[in-house]
Amino acid sequence: MQTKKTEFFTTPLTRFAPTIADITGVTAPAMSPAERVEEIKDLVLEKTGRPFVERTVIYNPDALGAWFIDKYADMFRPVTSRCPLRVDYLTMFPPKTPVCFGTMFTGATPDQHGIHAYVKPHLKMDSLFDRWADAGKKTAMVSVAGQSIPLLFQGRDIDYFLYKTDGAVIDKTVELIKSGEYDVIEAYVMEYDTVMHMTHPQSIFAKNAARRHVRGFERIYEAMKESYPPQSSFLAFAPDHGVHREKYLLGNHGKNIPEDMNLSHFYTVI
Ligand SMILES: [Zn+2]
């Protein structure tokens, strides 16, 4: 079914955190809503025969919105062909990175987590990272240093691996997967966002950056397939918000428009 460009998606991004809590076998973060993304739970049950998985990798490439993925469907085929489930979310307003990731890992709305702009405070409220740590799950955050996720969710009882470049993030993520030491790994990369702000969302440079995010996903997928027992782990391709091109020609995001607010995630059990 073709989605009209002007339509807003409806499933709120707040449902991601409690659903991921369920399928990783931990209690939901305190501010999560009661509603779940039932299709994710169904996928896990169908593929593993159980309501939860043994290992989880959440891959967070910044700013790859639904329209971009649909427009460049061939570019994203390595993701979409490996993921039987696509979930369309309405991200949080304003669609800025810390606002959206603040919600993605807590289940809280911006009014509840208090981030309404491009600011990156130490967010002390209950999050998936706290739930995983409390449940004794060995958890790694692998990220570009100084960015929203490591700043918001600093000081948790998890292992932090922070680097200057996306390439180092992917290399380390693959290494940690192959080590078999971690129950949960979160990996954040950001080149597309950086480049589309400097150029525009469909520039050659931005598209090359997006291709590298797809390649990163492929490497993570292959490492999981090689290292984890079959049908036991969950992989999420989980961006935070979309983007648009301003009249002054550069790429941007932060408006209440479908281009910025409509978000698609892709999920698979490996
Ligand atoms: Zn972002």
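Residues numbered from 1 in each chain as written. Predicted model: local features only at pLDDT ≥ 70, side-chain atom pairs only at ≥ 80, totals over all residues. Heavy atoms only, no water.

### Some thoughts on the coordination of the zinc ion
Surrounding the zinc ion are the protein donor atoms D62 (OD), D62 (OD), T97 (OG1), D240 (OD) and H241 (NE2), which sit 1.9 to 2.8 Å from the metal. Look at where the donors of the zinc ion fall in the sequence and you get D-x34-T-x142-D-H. Remark: D240 occurs in the loop between β7 (233–237) and β8 (244–245) and T97 occurs in helix α5 (residues 97–104); sequence separation between them is 143 residues. For the residue pair T97 and D240, the accessibility class agrees, reading buried in each case. (Donors = N, O, S within 2.8 Å, 3.2 Å for Na, K, Ca; no water. Helix = DSSP H or I, 4+ residues; strand = E, 2+ residues; numbered from the N terminus. Buried < 20%, exposed > 50% of the residue type's maximum accessible area, 1.4 Å probe, protein only.)

### Structural notes on the sheet that holds strand β2 (residues 55–61)
Pairing is mixed in the open sheet, where eight strands are placed in the order β1-β3-β10-β7-β2-β6-β4-β5. Edge positions in the sheet fall to β1 (11–12) and β5 (159–163), since each of these pairs with one other strand and no more. Sheet analysis places β2 next to strand β6 (residues 184–189), joined by six bridges and oriented parallel. Looking at the pairing, N60 lines up with Y188 of β6. (Pairing = 2+ DSSP bridges.)

### Thoughts on the packing of aromatic side chains
Given two aromatic rings, one states the distance between the centres and the angle between the planes to describe the pair. Enumeration according to the criterion identifies 18 aromatic pairs in this entry. Where F161 meets Y182, the ring centres are 6.3 Å apart and the plane angle is 85°; that geometry is what we call edge-to-face. Of the two residues, F161 is situated in strand β5 and Y182 in the loop between α9 (166–179) and β6; the sequence distance between them amounts to 21 residues. Classification of F161 as buried rests on a relative accessible area of 17%. By the ring-pair criterion, three or more aromatic residues cluster together here, those being Y59, W67, F68, Y72, F76, Y192, F217, Y221, F237 and F266. (Phe/Tyr/Trp six-rings, centres within 6.5 Å; stacked < 30°, edge-to-face > 60°.)

### Description of the nonpolar core
Counting 86 residues, the largest nonpolar core has F76, Y192, F234 and Y267 as the members making the most contacts within it. Apart from residues lying up to four places away in sequence, F76 is in contact with L64, F68, I69, A210, V214 and F237. (Core = buried A, V, L, I, M, F, W, Y, C linked by side-chain atoms within 4.5 Å. Contact = heavy atoms within 4.5 Å.)

### Describing the packing of helix α1 (residues 16–23) against helix α2 (residues 38–48)
Contact geometry of α1 with α2 gives a least axis separation of 9 Å together with a crossing angle of 15°. What the angle tells us is that α1 and α2 run roughly parallel. For the pair α1 and α2, the sense of crossing is right-handed. On α2, the residues that touch T19, D22 and I23 of α1 are I40, K41 and V44. Of the residues belonging to the contact of α1 with α2, the class tally is three nonpolar, one polar and two charged. (Axes fitted to C-alpha atoms, helices over the stretch in contact; angles between N-to-C directions. Parallel < 35°, antiparallel > 145°, perpendicular 65-115°, else oblique. Left-handed = near helix turned anticlockwise from the far one by under 90°. Nonpolar A, V, L, I, M, F, W, Y, C, P; charged D, E, K, R; others polar.)

### Let's talk about the environment of V214
Looking at the element boundaries, V214 is found in helix α11 (residues 204–227). On the basis of relative accessibility, which here comes to 3%, the residue V214 falls in the buried class. Expressed as a C-alpha distance, the spacing of V214 and R77, which sit 137 residues apart in the sequence, is 8.8 Å.

### Let's talk about the packing of α9 against α11
For any two helices packed against each other, the geometry comes down to the angle between their axes and how far apart the axes lie. At their nearest, the axes of α9 and α11 sit 9 Å apart, and the two run at 10° to each other. As judged from the angle between their axes, α9 and α11 are roughly parallel. For the pair α9 and α11, contact is made by D166, I170, D171, T173, V174, I177 and K178 and by H213, G216, R219, I220, A223, M224, E226 and S227, respectively. For the contact of α9 with α11, a count of residues per class yields six nonpolar, four polar and five charged.

### Focus: the pattern of salt bridges
The tally for this structure, following the rule as stated, stands at 17 salt bridges. Between R86 and D70 there is a salt bridge, and its shortest N-O distance comes to 2.8 Å. Within this pair, whereas R86 is found in strand β3 (residues 85–90), its partner D70 is found in helix α3 (residues 66–71), the two being separated by 16 residues in sequence. Residue classification places D70 among the partly exposed residues on the basis of a relative accessible area of 42%. Two residues, D126 and R131, come together in a salt bridge whose shortest N-O distance is 3.1 Å. Assigned by exposure class, D126 and R131 land together as buried. Shared partners join several salt bridges into a network, and the residues in it are R82, R215, E218 and E222. (Salt bridge = Lys/Arg side-chain N within 4 Å of Asp/Glu carboxyl O.)

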